[in-house]
Structure formats: C-alpha cells, structure tokens
Amino acid sequence: MPSKSKKTPIIEAPVVPPAMDAAVAAREAAAHDRELTNHHFKEGEHPIVRIEHLNKTFTDTPVLRDVNLDVWNGEIVVVLGPSGSGKSTMLRCINLLETPTAGHILIDDEEITGSKKTDIVKLRRNLGMVFQQFNLFPHLTALENVMIGQTKVLKKGKEEARAEALKQLDRVGLADRADFKPPQLSGGQQQRVAIARAVAMHPQILLFDEPTSALDPELVRGVLNVMRDLALNSGMTMIVVTHEMGFARDVADRVVFMEDGVVVEQGRPGDVFDHPQHERTREFLGSIS
C-alpha cells in the first residue's frame, strides 16, 4: 500500500488582546521608552508606530512571536539580529507586504491590521521602503524611476515631479547620473536612486530592509552616508534593519536586538553596545566585533 503523506501541522493564530486605547497606550509607551531612546519626548506625544502582540507564522514556522514595539515621530530605530530573527518580516508587516497572523499595527493611532478597509495605497504613500535589491525599473532612467511614484501615486504633474526628482538625486550625489538607466549604474548608485525615489514621496516613515547587504564592501559607504544625512537632517522617522554596527552606534536614537522572532533587548546605542543586559545580545555583538 502507498504510504500516507504526512499533513503539515497548522499552527493556530494566537489569541491576543484588543489594541489598547490610544491615550493609555501613549502614556505607557512614553513611560517605558523614555530611558531607552535618545528621542526628545513632547508632552502628550503619541507614538507614530505602535506594534502590539504582533505574530507572524509561515505554515508551521512562527517567525514573529508577540512583538511589542513603539516608534516615535522623528526617531531613528535600528533593528539588529542574526539572520532569521524576524527583523525583515516585522518591516514587511508594517507596510502590509506581509499580513500578520495576529496582533495589531497602528500608524498615528489608526489600526492598519485586521481590517479590509485599510487603504494600502494611501498607507504606502506615508510608508516609504528601501529594499535590499533596489527594485528599480530597468527600462527607466534614474530620473524617471524617481518621478514615477510621484506621478502615478501622488498625481503630481511631470514638471513638479521632475524638479523633485532632480532635487533628491542631487541630494544623494547622482544629479550627473539622472539620465542613466539602472544597468549603467553600480549597485551602490542604484541603491542611492532607490533612496531618492523613496524620499521624493515625502513619507512620514521610511523603512530600510538591509539596504547595504547586496552591495560590494567598497560601495557600502556611499549608501550609509546618504542614510546618515537623512537621519541627521530630514526629521523623518526611520526604522532600519541592518548589520552595519557603526551606523547603528553613530546614528540611531534606539537600537533593538531581535532573535527567534522576539525583541530580546532595546536601548540607547551606547547602552546596548557597551553594556548589553542580555547574554544573547552580548554573544551576538561579540561575534561580529
């Protein structure tokens, strides 16, 4: 008799409590985060991103397990951790490239999870993302790549979009490459075009998913310099998944260490790098120093 194939076990979605009341969540988050970040809190401030009891499972593999994290307006949060720790999946849940299995994500106190009413196009206007692999249109020039989101999503006229695109290409040091197509650019230049494209949309929040991991070492510095300039001068909220420890130490308001789908430790860069509280954080930092 033919053997019966084994069924893949299905893990049921965990039961999580409802999203917290906005005012209560803001008070508790401020009390929790005040000593963990260099962010300067304002009286009565609410976090721009609230992640509550976030879970994500792929078939039978839990990737995120009860993640709770708040991010404040203008804060630079750098997320560290070994491969497979759930860092990138968390980012992809924030802009709904992945659908959470359970839990809540709120942007400006408006829940984006668990509802078919969420306008994903509108959401992504305010949530820019820079990917590992650039994701540029190969048949368009650098200028056209930076313009296209403005004209298609923001409905800007071509002249206005062109002016903004040239401004952002100049900001990333590529004004002289505006008419080059991606195959004519180095990997570092392509990533800088991708950053210019994201910034040209003027999002509230900019997500970076290991933006230098696909680059040759000599090209990394140029991309990090652009990101450093954004972090220090744009006032934009940034959540950065990276293995670049120097960038995290120099630029972050807060460092978050993740492993096995949970937030293990978080704090100011000096505290996490110089005085980690968790043994696993110490091991991870020691392995890459």
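Right above here is the structure, for reference.
This structure is a prediction, so every number in the text was calculated from the model and none was measured. (Residues numbered from 1 in each chain as written. Predicted model: local features only at pLDDT ≥ 70, side-chain atom pairs only at ≥ 80, totals over all residues. Heavy atoms only, no water.)

Draft legend 1. Layout of the overall build of the protein. When helices and strands are counted, the protein shows 10 helices and 10 strands. Projected onto its principal axes, the C-alpha positions of the protein cover 60 × 55 × 40 Å. Across the 289 residues in the protein, those meeting the buried criterion constitute 51%. Accessible surface for the protein amounts to roughly 14,500 Å². Of this, 50% is attributable to carbon and sulfur atoms. Separation of charge centres in the protein, based on 34 positive and 40 negative side chains, amounts to 7 Å. (Helix = DSSP H or I, 4+ residues; strand = E, 2+ residues; numbered from the N terminus. Buried < 20%, exposed > 50% of the residue type's maximum accessible area, 1.4 Å probe, protein only. Areas by Shrake-Rupley, 256 points an atom, 1.4 Å probe, with all protein chains shown as cover. Lys, Arg positive; Asp, Glu negative; His and termini not counted. Charge placed at Lys NZ, Arg CZ, Asp CG, Glu CD.)

Draft legend 2. Structural view of the pairing of strand β8 (residues 237-241). For β8, the buried fraction is high: 5 of the 5 residues fall into the buried class. The alternating pattern of β8 places Thr237, Ile239 and Val241 on one face and Met238 and Val240 on the opposite face, and all of these are buried. Here 4 bridges tie strand β3 (residues 76-80) to β8, and the two strands are oriented parallel to one another. Note on β8: the bridge partner recorded for valine 77 is isoleucine 239. Bridging between strand β7 (residues 205-209) and β8 involves 5 bridges; their strand directions are parallel. Bridge assignment links leucine 207 to a residue of β8, and that residue is isoleucine 239. Between the parallel pair β7 and β8, the chain is carried across by helix α7 (residues 217-233), and the sense of this crossover is right-handed. (Pairing = 2+ DSSP bridges. Right-handed = clockwise from strand over helix to strand, strands pointing away.)

Draft legend 3. Geometry of the nonpolar core. Counting 48 residues, the largest nonpolar core has Leu169, Ile195, Leu206 and Phe208 as its most contacted members. Other than its neighbours up to four places away in sequence, leucine 169 contacts Ala142, Leu143, Val146, Leu174, Ala175, Ala178, Val193 and Ala196. Judged by nonpolar contacts, the second largest core, of 27 residues, contains Ile48, Leu91, Cys93 and Leu207. (Core = buried A, V, L, I, M, F, W, Y, C linked by side-chain atoms within 4.5 Å. Contact = heavy atoms within 4.5 Å.)

Draft legend 4. Representation of the sheet that holds β3. Spatially, 6 strands are ordered β6-β7-β8-β3-β9-β10 in an open sheet, and the strand pairing comes out mixed. Across the chains shown, the open sheet's two edge strands, defined by having one partner strand only, are β6 (127-130) and β10 (262-267). Averaged over all adjacent pairs, the angle separating strand axes in this sheet is 20 degrees, with direction ignored. With 4 bridges connecting them, β3 and strand β9 (residues 254-259) associate as parallel partners. What sits directly across from leucine 80, in β9, is phenylalanine 257. Relative to the sheet, α7 contacts β3, β7 and β8, its axis offset from that of β8 by approximately 145 degrees. (Axes fitted to C-alpha atoms, helices over the stretch in contact; angles between N-to-C directions.)

Draft legend 5. Expanded view of unusual backbone geometry. For leucine 96, which is not glycine, the phi dihedral falls at a positive 65 degrees. Looking at where leucine 96 falls in the secondary structure, it is placed in the loop between α2 (87-94) and β4 (102-107).

Draft legend 6. Broad picture of the side chain of lysine 156. With respect to the helices, strands and loops of the structure, lysine 156 is situated in the loop between α4 (142-152) and α5 (158-171). For the buried lysine 156, no salt bridge is present, and the opposite-charge side chain at shortest range is glutamate 160, 4.3 Å distant. (Salt bridge = Lys/Arg side-chain N within 4 Å of Asp/Glu carboxyl O.)

Draft legend 7. A look at the pairing of β9. Most of β9 is tucked away: 6 of the 6 residues are buried. Judged from the 5 bridges that link them, β9 and β10 form a sheet pairing that is antiparallel. Considered in β10, the bridge of valine 255 is made with glycine 267. The hairpin turn running from β9 into β10, its antiparallel successor, is 2 residues long, and aspartate 260 in that turn takes a positive phi close to 55 degrees.

Draft legend 8. Looking closely at the packing of aromatic side chains. Under the defined criterion, the tally for this structure stands at 2 aromatic pairs. Relative to tryptophan 72, the ring of phenylalanine 41 has its centre 4.8 Å away and its plane inclined at 75 degrees; by these criteria the two rings are edge-to-face. Here the residue phenylalanine 41 occupies a position in the loop between α1 (22-33) and β1 (49-58), and tryptophan 72 occupies one in the loop between β2 (61-71) and β3, the gap between them amounting to 31 residues. Classification of tryptophan 72 as buried rests on a relative accessible area of 0%. With a centroid separation of 5.1 Å and 35 degrees between ring planes, the pair formed by phenylalanine 257 and phenylalanine 284 is classed as tilted. Separated by 27 residues along the polypeptide, phenylalanine 257 in strand β9 and phenylalanine 284 in helix α10 (residues 279-288) bring together distant segments of the chain. Of note, arginine 34 hangs over the ring of phenylalanine 41, and the distance from its end group to the ring centre comes to 4.8 Å. Sitting over the face of the ring of phenylalanine 180, arginine 177 holds its NZ or CZ atom 5.1 Å from the ring centroid. (Phe/Tyr/Trp six-rings, centres within 6.5 Å; stacked < 30°, edge-to-face > 60°. Lys NZ or Arg CZ within 6 Å of the ring centre and 35° of its normal.)

Draft legend 9. Local environment of the environment of alanine 178. Tracing the sequence through the fold places alanine 178 in the loop between α5 and α6 (187-200). Alanine 178 gets classed as buried once you look at its relative accessible area, which sits at 6%. Each C-alpha atom, one on alanine 178 and one on glutamate 144, is 8.2 Å from the other, the two residues being 34 residues apart in sequence. Look past the residues within four positions of alanine 178 in its chain and what remains in contact with it is Thr141, Ala142, Leu143, Leu166 and Leu169.

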